Amino acid sequence: MNHPIPVPQSAPPIAPPAAKAAWSVDAVLALFELPFADLMFRAQQTLRENFDPNAIQRSTLLSIKTGNCSEDCSYCSQSKRYQTGLETQRLLSTEEVLAAARAAKEQGSGRFCMGAAWRGPKEKDMAAVAEMVKAVKALGLETCVTLGILKDGQAEQLKAAGLDYYNHNLDTAPEFYGDIVTTHTYQDRLDTLKSVRAAGLKVCSGGIVGMGETRRHRAGLIAKLASLDPPPESVPINNLVPIPGTPLAERTAVDIFEFVRTIAAARISMPGSYVRLSAGREQMSEAEQALCFLAGANSIFYGDQLLTTTNPGLERDQALFAKLSLHGV
Ligand code: SAM
Ligand code: DTB
Ligand code: SF4
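Notes on the structure in this doc start here.

Cut-offs used in this document
Residues numbered from 1 in each chain as written. Chains lettered and ligands numbered in written order. Predicted model: local features only at pLDDT ≥ 70, side-chain atom pairs only at ≥ 80, totals over all residues. Heavy atoms only, no water. Helix = DSSP H or I, 4+ residues; strand = E, 2+ residues; numbered from the N terminus. Buried < 20%, exposed > 50% of the residue type's maximum accessible area, 1.4 Å probe, protein only. Areas by Shrake-Rupley, 256 points an atom, 1.4 Å probe, with all protein chains shown as cover. Lys, Arg positive; Asp, Glu negative; His and termini not counted. Charge placed at Lys NZ, Arg CZ, Asp CG, Glu CD. Pairing = 2+ DSSP bridges. Right-handed = clockwise from strand over helix to strand, strands pointing away. 1 Å grid on protein atoms, 1.4 Å probe; cavity = no way out; pocket = protein on both sides within 12 Å on 5 of 7 lines; lining within 4 Å. Points joined across faces, edges and corners; volume = space filled by probe spheres on them. Nonpolar A, V, L, I, M, F, W, Y, C, P; charged D, E, K, R; others polar. Contact = heavy atoms within 4.5 Å. Axes fitted to C-alpha atoms, helices over the stretch in contact; angles between N-to-C directions. Parallel < 35°, antiparallel > 145°, perpendicular 65-115°, else oblique. Left-handed = near helix turned anticlockwise from the far one by under 90°. Near = heavy atom within 4 Å. Polar contact = N/O pair within 3.5 Å; in protein donor to acceptor, adjacent residues only side chain to side chain. Sits in = over half its atoms within 2 Å of the grid points.

### Regarding the overall build of the protein chain
The helix and strand tally for the protein chain stands at 11 helices and 10 strands. If one aligns the C-alpha atoms of the protein chain with their principal axes, the spans along those axes are about 70 × 40 × 40 Å. Among the 329 residues that make up the protein chain, the fraction classed as buried is 55%. Carbon and sulfur atoms provide 54% of the accessible area of the protein chain, an area that totals close to 14,500 Å². Charge centroids of the protein chain, computed over 33 positive and 35 negative side chains, lie 3 Å from each other.

### Comments concerning the pairing of strand β2 (residues 111-116)
Counting buried residues along β2, 6 of its 6 residues qualify, which places the element largely inside the surrounding structure. Alternating residues of β2 divide into Arg111, Cys113 and Gly115 and Phe112, Met114 and Ala116, and every residue in both groups is buried. Two strands pair when backbone bridges link them, and strand β1 (residues 55-65) and β2 are joined in this way by 6 bridges, in the parallel orientation. Counterpart to Leu62 in the pairing with β2 is Met114. With respect to chirality, the unit in which β1 leads through helix α3 (residues 94-106) into the neighbouring parallel β2 is right-handed. Pairing of β2 with strand β3 (residues 142-146) involves 5 bridges; the strand directions are parallel. What sits directly across from Arg111, in β3, is Glu142. The parallel pair β2 and β3 is bridged by helix α4 (residues 123-138), and the resulting crossover is right-handed.

### A look at empty space enclosed by the protein
Within this structure, the stated rule accounts for 1 cavity of 30 Å³ or more. If you add up the space inside the largest cavity, you get close to 880 Å³. Considering the residues around the largest cavity, the lining is formed by 41 residues, among which Tyr75, Cys76, Gln78, Asn169 and Leu307 are closest to the centre. Secondary-structure elements contributing two or more residues to the lining of the largest cavity are β2, β3 and β7 (234-239).

### Describing the layout of surface pockets
What the second largest pocket holds in volume is close to 460 Å³. Lining the second largest pocket we find 21 residues, and of these Lys65, Asn68, Ala117, Trp118 and Lys122 sit closest to its centre. Grouping the amino acids of the lining of the second largest pocket by side-chain chemistry returns 6 nonpolar, 7 polar and 8 charged.

### Observations regarding the side chain of Asp164
Relative to the helices and strands, Asp164 resides in the loop between α5 (154-160) and β4 (165-167). When its relative accessible area of 19% is taken as the criterion, Asp164 is described as buried. Once residues within four sequence positions are removed from consideration, Asp164 is found in contact with Lys137, Leu141, Glu142, Thr143, Leu201 and Lys202.

### Quick look at the packing of helix α10 (residues 286-294) against helix α11 (residues 314-324)
Each pair of packed helices gets described by two things: the angle between the helix axes and the distance between those axes. Between α10 and α11, the least distance of the axes is 11 Å, while the angle of their chain directions is 60°. When the interaxial angle is binned, α10 and α11 end up oblique. Crossing of α10 against α11: the hand is right-handed. For the pair formed by α10 and α11, the contact residues are Glu286, Gln289, Ala290 and Phe293 on the first element and Leu320, Lys323 and Leu324 on the second. For the contact of α10 with α11, the class distribution of residues is 4 nonpolar, 1 polar and 2 charged.

### Remarks on the site of ligand 1
What surrounds ligand 1 is a group of 17 residues, the closest being Thr146, Asn169, Asp171, Arg189 and Val241. The contact in question runs from a nitrogen atom of ligand 1 to an N or O atom on the backbone of Tyr75, over 3.1 Å. Taking Ala116, its main chain carries an N or O atom lying 3.3 Å from a nitrogen atom of ligand 1. Against a free-state accessible area of 550 Å², the protein chains account for coverage of 89% of ligand 1. Under a 2 Å grid-point criterion requiring more than half of the atoms, the pocket assigned to ligand 1 is the largest cavity. A breakdown of the residues in the shell around ligand 1 according to their chemical character gives 9 nonpolar, 6 polar and 2 charged.

As structure tokens, this is what we get:
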């Protein structure tokens, strides 16, 4: 005789908002406050309704212009205001970028993300970046760039070059942003996201956990992302990598369960988005990363390097995928 699979007794009490309704901070906070098992159950359910739960999207990062940035983002190794000992690098050539993109493709990555330490691109930079985008796309990879704040017309130029995704993170809740960055505003970030969307590009936008924010701030970040209409296709959740010399060098890491709760809240509030377990993976154990995947993360940065810091290499990721029966896409 077949025994039905038992239905969990503690059914999560929170109904998802009606289609198109914005997620309020309080609604996201209520997710954070669920019993851990209930939250994980909801997150798995949501993942399974929308994705193959064992498939992980893989993106490879390359810093195409490193350091000497005018901005004062307190977490960042690349701001010229902090003594981080970083070796700066002017804009790479298309050939250098292509070599890295070819290697990423060979290693199985599906998307190539090019990051520049700019407040935003100057007009003279745009032609060079457009050429890189065209060349990488011609390899058959999806393309993503993260160049900072865009001026009118620049998102359209990138779209015309064949760009698929633009990454621009909200990073934290609006009311905490001024504690982290003073050289540009939250509204500047929202305006860039709006122009990216209007140009027909896909949006990659997420944030950082562990900058000294409260749980309510974490919920505020997720609520703001989930309320973008439509929400970002890709949502990177970074665990702060403390960089010596930056104002956040000494911040203590958030508890892993709080980080996992943030991933789960992103999964539930943005059911159709890829949620990326992003920076900070190298500092996590395999079991901690597995919890993030169970909480609904279905994307990673793949390859030894993030922008200026390191990432678990291919061998470690392949071993982890094998242990968890995950497959890369
Ligand atoms: N300059 C562009 C900008 O600010 O949008 C693009 C590059 S910036 C380095 C991209 C993102 O990387 C930031 O928005 C932040 O979320 C993340 N990031 C940078 N430094 C980090 C760190 N130390 N730990 C975790 N995430 C970090
Ligand atoms: C994102 O959310 N994380 C990536 C990517 N988008 C550009 C960057 C992580 C950077 C981590 C610190 C570093 O390597 O400098
Ligand atoms: Fe510059 Fe981007 Fe770093 Fe801010 S996060 S200092 S804008 S590179």
